[in-house]
Amino acid sequence: MKLLTHNMLTSSIIKGVKKGFPLGIAATDIKVSEVDFNPDFIKKMIPKLEWSAICEAAESIGHLDGLPKELAPDYETDEDFLKKAHHVIMEVEIKEGDLICPETGRKFPIKNGIPNMLLKEDEV
């Protein structure tokens, strides 16, 4: 599961959970793979992301890699920043571990890079 995907997931569907975002990460296997750099894609994705959650997730798994926690107003023209953002959201992948609801502590397993967000009957 890439951190780009993590940024889109929430556990708000669980009964009694108000926000359920951002999910915590307890990673047991992380893989870093090179992905072709596409600055236009990164420029278009950044406004759609919850930036603080990206940074928190990257830091929690030890892959913040110099990425600034605050977005600069001119980030679209800063190639060094775009490359760091690309690395964190596109190249770092959680292969095994758990996503953790911030409100209930409920764990959702990640197996082979795929998060299982299925709920139990009593959670809906």
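One can find the structure itself at the top, above this paragraph.
Let me sum up the structure you'll find in this document. Every value quoted in this text rests on a predicted model; they were computed, and no experiment measured them. Per chain, residue numbering runs from 1 following the sequence as it is written. Only residues with pLDDT of at least 70 get local features here, since the model is predicted, and only at 80 or more are side-chain atom pairs given and counted; chain-wide, interface and lining totals rely on the full set of residues. The basis for the side-chain values is all heavy atoms of the structure; hydrogens and waters are excluded.

### Structural notes on the packing of aromatic side chains
- Two aromatic rings, drawn from Phe, Tyr or Trp (for Trp, its six-membered ring), form a pair once their centres lie within 6.5 Å of each other, and the interplanar angle then sorts them: stacked below 30 degrees, edge-to-face above 60, tilted otherwise. A complete count under the given rule lists 2 aromatic pairs for this structure.
- Relative to Phe81, the ring of Trp51 lies with its centre 5.5 Å away and its plane at 50 degrees, an arrangement referred to as tilted. Of the two residues, Trp51 is situated in helix H3 (residues 51-60) and Phe81 in helix H4 (residues 79-91); the sequence distance between them amounts to 30 residues. Comparing Trp51 with Phe81, the two get one shared label, buried.
- An angle of 70 degrees between the planes, with centres 5.9 Å apart, marks the rings of Tyr75 and Phe81 as edge-to-face. Comparing Tyr75 with Phe81 shows no difference in burial state: the two are buried.
- Among the aromatic residues, ring-to-ring pairing joins Trp51, Tyr75 and Phe81 into one connected group. Each helix is a run of DSSP H or I of at least 4 residues and each strand a run of E of at least 2, with the numbering of both proceeding from the N terminus. A 1.4 Å probe rolled over the protein chains alone gives each residue an accessible area, and that area as a share of the maximum for its type sets the label: buried under 20%, exposed over 50%, partly exposed in between.

### Examining H3
- Every buried residue belonging to H3 is among Trp51, Ala53, Ile54, Cys55, Ala57 and Ala58, and all of these are buried.
- Only heavy atoms matter for contacts: two residues are in contact if any of them lie within 4.5 Å across the pair. For H3, the secondary structure elements touched by its buried residues are helix H1 (3-6), strand E1 (24-32) and H4.
- Within two residues after H3, Gly62 carries a phi angle of roughly 75 degrees, on the positive side.

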